[in-house]
Amino acid sequence: MCGIFAYKGHRNNAPEIVIKGLKMLEYRGYDSWGIAFKTDHALNIHKQVGKIGDFKISDLKKMTAKSQLAIGHSRWATHGGVTQMNAHPHCTEKNEIAIVHNGIIENFTELKKILIKNGHIFKSETDTEVVAHLIEENLKKGLEKAIKMAIKKLEGRYAILVISEKEDVIIAARRGSPLIVGVGKDENFIASDIPAFLEYTKKVQYLDDNEMVIIDKKPKFIDLKTDKIIKKREVPIEWNVENAEKGVYPHFMIKEIMEQKDTICRTINQNGGGIEKVVESIKKAYGTYLVGCGTAGKVCLAASYLFSKIAKKHINTTFGSEFPSYHHFLTNRSLLIAVSQSGETADTLEAMEVAKEKGCKLISIVNVESSTMARMSDIIIPLKVGPEKAVASTKATTAQLAILTLIAYALAGDLDRGKQLLINTAGQINDMLNPRYEDHIKTLAKKIAGVESMYVIGKAVNYPMALEAAIKLQEVSYIHAEGFAGGELKHGPIALISKGTPCIAIVANDETKNDILGNTIEIKARGGYIIGVSPENNEIFDYWIKVPDVGDASPIVNIIPIQILAYHLAIMRQNNPDMPRNLAKSVTVK
Ligand code: F6R
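Everything quoted here is computed from the prediction, not taken from an experiment.

Draft legend 1. Representation of the site of the ligand. Close to the ligand lie 15 residues; Ser 340, Gln 341, Ser 342, Thr 345 and Glu 475 are nearest. Ser 393 places a polar main-chain atom, nitrogen or oxygen, 2.9 Å from an oxygen atom of the ligand. With the chains in place, 87% of the 400 Å² that the ligand exposes on its own is no longer accessible. For the shell around the ligand, the elements supplying multiple residues, two or more each, are helix H9 (294-311) and helix H15 (462-477). Mapped onto the domain boundaries, the shell around the ligand takes at least three residues apiece from domain 2 (246-432) and domain 3 (434-579).

What follows is the structure, given as C-alpha cells:
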C-alpha cells in the first residue's frame, strides 16, 4: 500500500527517474501521487490527484530544472480523503523538509494535538504530516538527529523518506513497511519494491525494521536501537525489466494469467531440500497453523483439505488478522506457515510476530524473496513466479497451491508422485490456455456482464476455490459475487437465487461430484443459470467451461478459467482490472 521511491546520483533528471519508477509501483496505490526534488538547495514539490500512470513524462519538462535528488509517492489513502493536499510529499510551514510515508502512525491524533499547541499549522488530514512537524521541531540539530528524535515518538508502522533544503542526502527509516536500497555506480535508489529501479541496477541492500539509511554516495545503514553503523551485504536480484512489464498484453492481469503456462513448473522446481525441511518441521510440530490473507487465506483453507486427504494430517488454518486471537494455544513447539505473494501483508506479519514471541518456528511460502516475511522465517519456500503486479492475484495463487500440494505429497512420503502430478498439470494448463479457450470464456462474459449478483459453489478442496473465485469476480468486475460450500446452500443462501442468476459450479471429477451436482440441480430448480467448471459436460450446465482432469491438483486448474472470466467481465464493464477501485497490491496496513 503506497509506493515510495527516491533517487540520488549523477543523473540530472531525478524527477523523471522517480516518476518512471513510481509508475512501476503504481499497483501499490493509485489515488494520487507526488514528488519532491532539489534544485540549487531549493525544494520543489509537485502533487496531484489521479493515477501516476496517466501522467506524461513530457509534461514534466515544463516544471522541472536539472535535479539529482528526488523522492516520490503513489498513494492509497488511509488518513484523509483523496485530495491534492493529502497527497505526499508533505512539508511544514517553512518548507524546509519534504517527507513521503507508507504505513500508519497509530498515535498521530495525540501527537497532532501537542504539535498544534506548540504552534504548528497543519495543511493536510494525514498522519504523515505529523512526522514532518516532529522532524522540524529539532531540525536545527541536523536532519539525521531530528529524524531519530521524531521516530522515537511514533507508534505504528512506517517507511519514511525525508529530504531537506539544506542537506544533499535522502534519509530513510522503517518499522513494519518495506524499503529496499538499489545500489548503482555513483547513484543509489530506495523504494518500497524492486521494480522501481530494476532498469538501473540489480544489486540491492535491505533495510530492516528499526534501521535508518542515509543515501549519499554510498548508503550508510544505522541501527536505531544502538545507534551503531551496520554493514549490509549487497544481494543480486534475478528479476529482469521484461518480467515487470506488460509486454504484448494490454494488462498485467491477463499477462500474469497467461504466464501460468510456465509458472507451475518453475514453482515446483525447488532445489535445496526446502520441501523436505518443511515436512520435517510439520512432523515435529505440536500444531501447525497455515496463515494468509485474502486469496492467500483461501489457498491455506484449500491446503487444509489437501493435507487431510493426501497426508491424513490435520492443519489449522486462519486469516492473518484472526490468528493473534489464537495465541493462547501457541508454544515453542508450534509451527506457523505464512502464505503470501508480497511477503509484506501487515496482518500476516502481525500473525508471525505473535508466533515469534511465543517461540514458534516460522516458515513462509512467499513470492518476494526479499520481503519482510521471508527474512523473518526459519525456512523459505519461494514461489518463483516473478513479479506479480496486477492487484488481483493469479499466478501467485496457483503457485501457492502447487507448493502446498507438493508438501502434502511429501508429508505422505510420496514427493515424486506429487511432482509428477504437478508436471502433468502444468502441461495441461499449457494446452488449455489457448486463444479459443479465452474466446469461449469471453462469450460467457458477454452474456453475464450486466448481472448484479452471481454465486460460486464448490465442495471440499474446491469450496475454498469457490470463495477465491468470488474474490476475483468482486475485485475486478465489481459484480456482487459470493462463494459457498454447495451443501450450505439449502441452509440459507439458496434464497438469493432467482430466475437467471448466474451460478458457477466447480465440479471436480472425484468423490464430491454427485453432491455438488445435486446442489447444482437445486439451484437450477430455482431458475439459476448454471455455469459448470468441470472436466466433463453435464445436462444441468447452461454453459460449460472445460478444465483438465488432474485429480488432487483440481483447485489449480479450476480457478484459472474464473480468473479469465473476472478479467473479461472487468474489461466489458469498463473497469481497469490492474487497478481496481479501493484496493491496492500489498496491504501493508492493518
Ligand atoms: C486478491 C488478492 C489479495 C491478497 C491479500 C494477501 O486477489 O490479491 O486478497 O491475496 O491481500 O496478499 P499477499 O499474498 O501479498 O500476502
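Draft legend 2. Quick look at the domain arrangement of the protein. Per the domain assignment, the segments making up the protein are domain 1 (2-242), domain 2 (246-432) and domain 3 (434-579). With centres defined by C-alpha atoms, the gap from domain 1 to domain 2 works out at 32 Å. Across the contact, 15 residues belong to domain 1 and 14 residues belong to domain 2. For the pair domain 1 and domain 2, the summed buried area comes to about 1,300 Å², and 52% of that belongs to carbon and sulfur atoms. Its largest share of buried area at the contact with domain 2, domain 1 owes to Tyr 27, Arg 157 and Trp 239, together 41% of the area lost on that side. Between the two partners, domain 1 and domain 2, sit two salt bridges. Across the pair Arg 157 and Glu 353 runs a salt bridge, and its minimum N-O distance is 3.4 Å.

Parameters at a glance
Residues numbered from 1 in each chain as written. Predicted model: local features only at pLDDT ≥ 70, side-chain atom pairs only at ≥ 80, totals over all residues. Heavy atoms only, no water. Near = heavy atom within 4 Å. Polar contact = N/O pair within 3.5 Å; in protein donor to acceptor, adjacent residues only side chain to side chain. Areas by Shrake-Rupley, 256 points an atom, 1.4 Å probe, with all protein chains shown as cover. Helix = DSSP H or I, 4+ residues; strand = E, 2+ residues; numbered from the N terminus. Domains from an automatic or database assignment. Contact = heavy atoms within 4.5 Å. Buried area = accessible area lost by both parts, 1.4 Å probe. Salt bridge = Lys/Arg side-chain N within 4 Å of Asp/Glu carboxyl O.

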